[in-house]
Amino acid sequence: GAVVSQHPSWVICKSGTSVKIECRSLDFQATTMFWYRQFPKQSLMLMATSNEGSKATYEQGVEKDKFLINHASLTLSTLTVTSAHPEDSSFYICSARVPEASGAGEQFFGPGTRLTVL
Amino acid sequence: SQKIEQNSEALNIQEGKTATLTCNYTNYSPAYLQWYRQDPGRGPVFLLLIRENEKEKRKERLKVTFDTTLKQSLFHITASQPADSATYLCARTSGTYKYIFGTGTRLKVLA
């Protein structure tokens, strides 16, 4: 299957700093990528849909100025958590959609990034 | 709102038995349902996709069914092994490409 990578795999930062997480599709071009966050023993919650060359679409309740998304190329999307606070500590996962002729399109996930804000 | 529920938070079964996980959805039928496996501290791994016009899909020891009347999908692992222990997530489509995930079922296969 398609491979999606994330970098870094984990990061610890001080409160008030900004953290950038990269998501790359390694062997395919992804016009659409998704960013999720996951708290312990909970499911994935979609934060935003990232479209190459256009603005991201954020889910209700997600602050776009807090979570900046840039999808600069067909293989790279970045999520920047600005002025991070302890409550932003979570597991952040990206996925990339592989288009299918029928429209189904499977999503392939990155390995996730564990963010800990002190 | 569109919801998707996985009834069992955890399921323990004996090695060699068939594990059956349930996924129920509300409101209108999604065009597709997907099942993923997630290990602790890792991203989900795609397993199977089933379309609303497909009743059953198989892949090796895995089988997924889609019952639009019951608004339910069942996920089966036959001849289960301890290595199958993980959290299994189902996801429904919402809109064009977005997915809504269930809370997952933690499967533990006992040796």
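Residues numbered from 1 in each chain as written. Chains lettered and ligands numbered in written order. Predicted model: local features only at pLDDT ≥ 70, side-chain atom pairs only at ≥ 80, totals over all residues. Heavy atoms only, no water.

A.B. asks: How should the overall build of chain B be read in this particular structure?
C.D. replies: Counting secondary structure elements, chain B contains zero helices and 11 strands. In chain B, the succession of α and β elements from N to C terminus is β-β-β-β-β-β-β-β-β-β-β. At 13 Å, chain B has a C-alpha radius of gyration in line with the 13 Å of a compact globule built from 111 residues. Dimensions along the principal axes, computed over C-alpha positions, put chain B at roughly 40 × 30 × 20 Å. With 111 residues in all, chain B has 44% of them scored as buried. Within chain B, residue pairs in contact and separated by at least 24 positions form 54% of the contacts whose partners lie at least 6 positions apart. (Helix = DSSP H or I, 4+ residues; strand = E, 2+ residues; numbered from the N terminus. Rg over C-alpha atoms; globule rule 2.2 N^0.38 Å. Buried < 20%, exposed > 50% of the residue type's maximum accessible area, 1.4 Å probe, protein only. Contact = heavy atoms within 4.5 Å.)

A.B. asks: Whenever I open this one, the pattern of salt bridges confuses me. Can you help?
C.D. replies: Pairs can form between side chains of opposite charge once their charged atoms are near each other. Taken as a whole and judged by the stated rule, the model has seven salt bridges over all chains. Residue Glu22(A) is joined to Arg24(A) by a salt bridge in which the shortest nitrogen-to-oxygen separation is 3.4 Å. By relative accessible area, which is 24% here, Glu22(A) ends up partly exposed. Under the relative-accessibility criterion, Arg24(A) is labelled partly exposed at 34%. The partner of Glu54(B) in a salt bridge is Lys57(B), with the nearest N and O atoms 3.7 Å apart. (Salt bridge = Lys/Arg side-chain N within 4 Å of Asp/Glu carboxyl O.)

A.B. asks: What is the right way to look at the confidence of the model for chain A in this model?
C.D. replies: The predicted coordinates should not be examined in detail at positions where pLDDT is low. Looking at chain A as a whole, its pLDDT mean stands at 90, while 94% of the residues score no less than 70. Looking at the elements of chain A, mean pLDDT is at its lowest for strand β10 (residues 106-109) of chain A, recorded as 84, and at its highest for strand β11 (residues 113-117) of chain A, recorded as 97. (pLDDT = per-residue confidence, 0-100.)

A.B. asks: In this structure, what is going on with the sheet that holds strand β7 (residues 67-73) of chain A? I would like to understand it.
C.D. replies: Two strands in a sheet stick together by hydrogen bonds in their backbones, pointing the same way (parallel) or opposite ways (antiparallel). All names here are of chain A. Strand order across the open sheet formed by four strands is β1-β3-β8-β7, with antiparallel pairing between neighbours. In the strand order of this sheet, the two ends are held by β1 (4-7) and β7, each with one partner. Strand-to-strand twist in this sheet, taken as the mean axis angle between neighbours without regard to direction, amounts to 15°. Of the pairings in the sheet, the one linking β7 to strand β8 (residues 76-81) comprises five bridges and is antiparallel in character. Paired with Leu68 across the strands is Thr80, a residue of β8. (Pairing = 2+ DSSP bridges. Axes fitted to C-alpha atoms, helices over the stretch in contact; angles between N-to-C directions.)

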